[in-house]
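# Understanding the architecture of this molecule
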Amino acid sequence: MASTYNILMYSHDTYGLGHIRRTMTIAQALLDADVNILILTGSPIAGRYTFPQGIDFVRIPGMIKQSNTSYVPHSIKVAPNHALNIRQEIITATAKAFDPAMFIVDKVPVGLKGEVRPILEWFRTSRPSTKVILGLRDILDDSESTKAEWATKNYLRVIEDLYSEVWVYGEKHLYNVLDEYGIPEYLHNKFVFTGYLPRRSYFKAPCASVPARRNGDRLVLVTAGGGGDGYPLLDCYMKMAESGPLPFRTIMVSGPFVPKPKQDELAERAKSAGVAFKTFHNRPGKLMAKADLVVSMGGYNTICEVLSQRKVTLIVPRDTPRQEQLIRARMLRREGLADYIEWDQMSPALMHSHIISLLDNPAPWKQAMENFALTGLESIKNRLTAFRKELPES
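## What about the overall build of the protein?
Across its full length, the protein holds 14 helices and 15 strands. Taking 2.2 N^0.38 as the reference for a compact globule, 394 residues should give roughly 21 Å; the C-alpha atoms of the protein span a radius of gyration of 21 Å, in line with that estimate. Along the first, second and third principal axes, the C-alpha atoms of the protein reach 65 × 50 × 40 Å. Per-residue burial over the protein gives 53% buried out of 394 residues.

Written out as structure tokens, the structure reads:
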């Protein structure tokens, strides 16, 4: 085998925390003494995370999604096409210089606006031994929207021609993307359902000698992920807190992408209502471990954290511009793993009712979580082992 095994990861990170957090989780699982990992990311907050020895990142100019088809630069004052050209040149030059044995692309088969396609084609023609992997979260969007998008962008041909495997970070029996998205049978052998990606667990089984927390001591954690589209949830929760003293404590983490005026407003309201307020926490699992209940929008990474910490959960899923969160919430409710309120039904009174019900009767939800295995990281480590066995001895 070669002395080191280089893995390059691409995370387009137009907005939010999901892509970079998922990418970092996978990177840390694949890291080994003779493995180097380099992450290409557009995340403006990548530097807030601690990278272990053996993992580094290359920052490409960030882009903000204005609609499903429109993106503008996050910081630099150039035209969108200019920013995209800069990104593509950095991606291509970095990939060629690093010359990885494995290239993992997060979610979008050709990258943002096709920026990864040139290097995918270079790997096929100049480095055909490189394992090129597409990583997909459990649910992308509803069936019809996803099939239409993939057909328009010819993603099935891209997967057939340019990818070695597709890793689906979910369970086939819960949401079968092969059926839902109309994946033709001749491509099925490229799809690997890894299971959900566990996070570091801070979960401790309750000790029989320690009494349950009294009502006023119970803790609710409210999180909106990156926060860019989470203000309505945070506002609704604050209205509930402002309506009168709550019989539980609250920590609210708004996310770093809530617009600054809204952050300031929420911070002031939280102070008046006795709610502990943060804009960002780089170890959300630690906060979750302290909570009795988590209220969130049900993004993929938050749900992986919740299941890893075995926390009772109330989801208020956004249903536009994609239905991913709503589909996931319904799936989790069906499995007894989480409760949810639909976005357009959200109100302080309904939220309060669901929270009290979950806090007072957590046992069924906890039992379901105890029986749910998160196998994703073990599965992808097994794939890496298999790939390395294919390499010729040096």
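## Description of the sheet that holds strand β12 (residues 276-278)
The six strands are arranged β12-β11-β10-β13-β14-β15 in an open sheet whose pairing can be described as parallel. Each edge of the sheet is formed by a strand with only one pairing partner; in this case those strands are β12 and β15 (339-340). Two elements, strand β14 (residues 312-315) and β15, share two bridges in a ladder whose sense is parallel. Bridging across to β15, L314 finds its partner in D339. Of the strands in this sheet, β10 (219-223), β13 (293-296), β14 and β15 touch helix α12 (residues 348-360), which is tilted by about 165° from β14.

## A closer look at the pattern of salt bridges
Summed over the entire model, instances satisfying the criterion amount to 27 salt bridges. One salt bridge connects E144 with K147, and the closest N-O pair in it is separated by 3.5 Å. Of the two residues, E144 and K147 are both situated in helix α4 (residues 143-153); the distance of three residues between them amounts to about one turn of the helix. The exposure class of E144 is exposed, given its relative accessible area of 53%.

## Considerations on the sheet that holds strand β9 (residues 191-193)
If you trace the seven strands from one edge of the open sheet to the other, you get β3-β2-β1-β6-β7-β8-β9, paired in parallel fashion. Both edges of this open sheet fall to β3 (55-59) and β9, since each of them pairs with a single strand only. Across this sheet, the average inter-strand angle for adjacent strands is 20°, counted without regard to direction. Of the strand pairs in this sheet, strand β2 (residues 35-41) and β3 are connected by five bridges, and their pairing is parallel. Across the sheet, T41 pairs through a bridge with R59, a residue of β3. Contacts from helix α3 (residues 117-126) reach β6 (102-106) and β7 (131-137) within the one sheet, and its direction differs from that of β6 by about 150°. Lying over the sheet, helix α14 (residues 376-390) contacts β1 (5-11), β2, β6, β7 and β8 (165-169), oriented at roughly 165° with respect to β8.

## What about a positive patch on the surface?
On the surface, R200, K278, R283, K286 and K290 cluster together into a positively charged patch. Mapping K286 onto the fold places it in helix α9 (residues 284-290).

## Notes on the side chain of T302
Its location among the elements puts T302 in helix α10 (residues 300-309). You can call T302 buried: its relative accessible area is 10%.

## Structural notes on unusual backbone geometry
Across the chain, the bulk of peptide bonds are trans and the bulk of non-glycine residues have phi less than zero. Residue T320 is joined to P321 through a cis peptide bond whose omega torsion reads -5°. Located in the positive-phi region is D99, a residue other than glycine, with phi close to 50°. Exposure remark for D99: the relative accessible area of 32% places this residue in the partly exposed category. Its identity is not glycine, yet N154 carries a phi of approximately 60°, on the positive side. Structurally, N154 can be placed in the loop between α4 and α5 (155-162).

## Side note on the packing of α3 against α5
Where α3 contacts α5, the axes come no closer than 10 Å and their chain directions differ by 30°. Here α3 contributes R117, L120, E121 and R124 to the contact with α5, which in turn contributes V158, D161 and L162. Taken together, the residues that form the contact of α3 with α5 break down as three nonpolar, no polar and four charged.

## Observations regarding the side chain of T94
Within the element layout of this structure, T94 appears in helix α2 (residues 80-98). Judged by its relative accessible area of 14%, T94 is buried.

## Overview of the nonpolar core
Core analysis: the largest hydrophobic core is formed by 116 residues, its most contacted members being I7, F103, M351 and I355. Counting residues per element, this core draws most heavily on helix α7 (residues 231-242), which supplies eight residues. With residues near it in sequence (within four places) discarded, I7 still touches L30, V35, N36, I37, L38, F98, P100, M102, I104 and L384. Counting residues in each nonpolar core, the second largest holds nine residues, with L219, I251, V253 and M288 among its members.

## Some thoughts on helix α11 (residues 324-334)
Where burial is concerned, most of α11 is hidden: eight out of the 11 residues are buried. As for α11, its buried residues are in contact with β7, α10, β14 and β15. After α11 finishes, the residue G336 shows a positive phi value of roughly 75°.

## Section: the packing of α2 against α3
The geometry of a pair of packed helices is captured by two quantities: the angle between their axes and the separation between those axes. It is the contact of α2 with α3, at a shortest axis distance of 9 Å, that shows an interaxial angle of 25°. The orientation of α2 with respect to α3, classified from their angle, is roughly parallel. Viewed along their axes, α2 and α3 form a crossing whose handedness is right-handed. Here Q88, I91, T92, A95 and K96 of α2 lie close against α3, whose contacting residues are P118, I119, W122 and F123. Along the lines of polarity and charge, the residues of the contact of α2 with α3 split into six nonpolar, two polar and one charged.

About the cut-offs
- Residues numbered from 1 in each chain as written.
- Predicted model: local features only at pLDDT ≥ 70, side-chain atom pairs only at ≥ 80, totals over all residues.
- Heavy atoms only, no water.
- Helix = DSSP H or I, 4+ residues; strand = E, 2+ residues; numbered from the N terminus.
- Rg over C-alpha atoms; globule rule 2.2 N^0.38 Å.
- Buried < 20%, exposed > 50% of the residue type's maximum accessible area, 1.4 Å probe, protein only.
- Pairing = 2+ DSSP bridges.
- Contact = heavy atoms within 4.5 Å.
- Axes fitted to C-alpha atoms, helices over the stretch in contact; angles between N-to-C directions.
- Salt bridge = Lys/Arg side-chain N within 4 Å of Asp/Glu carboxyl O.
- Patch = residues over 30% accessible without salt bridge, like charges linked within 9 Å, V, L, I, M, F, W, Y side chains within 5 Å.
- Areas by Shrake-Rupley, 256 points an atom, 1.4 Å probe, with all protein chains shown as cover.
- Lys, Arg positive; Asp, Glu negative; His and termini not counted.
- Charge placed at Lys NZ, Arg CZ, Asp CG, Glu CD.
- Nonpolar A, V, L, I, M, F, W, Y, C, P; charged D, E, K, R; others polar.
- Core = buried A, V, L, I, M, F, W, Y, C linked by side-chain atoms within 4.5 Å.
- Parallel < 35°, antiparallel > 145°, perpendicular 65-115°, else oblique.
- Left-handed = near helix turned anticlockwise from the far one by under 90°.

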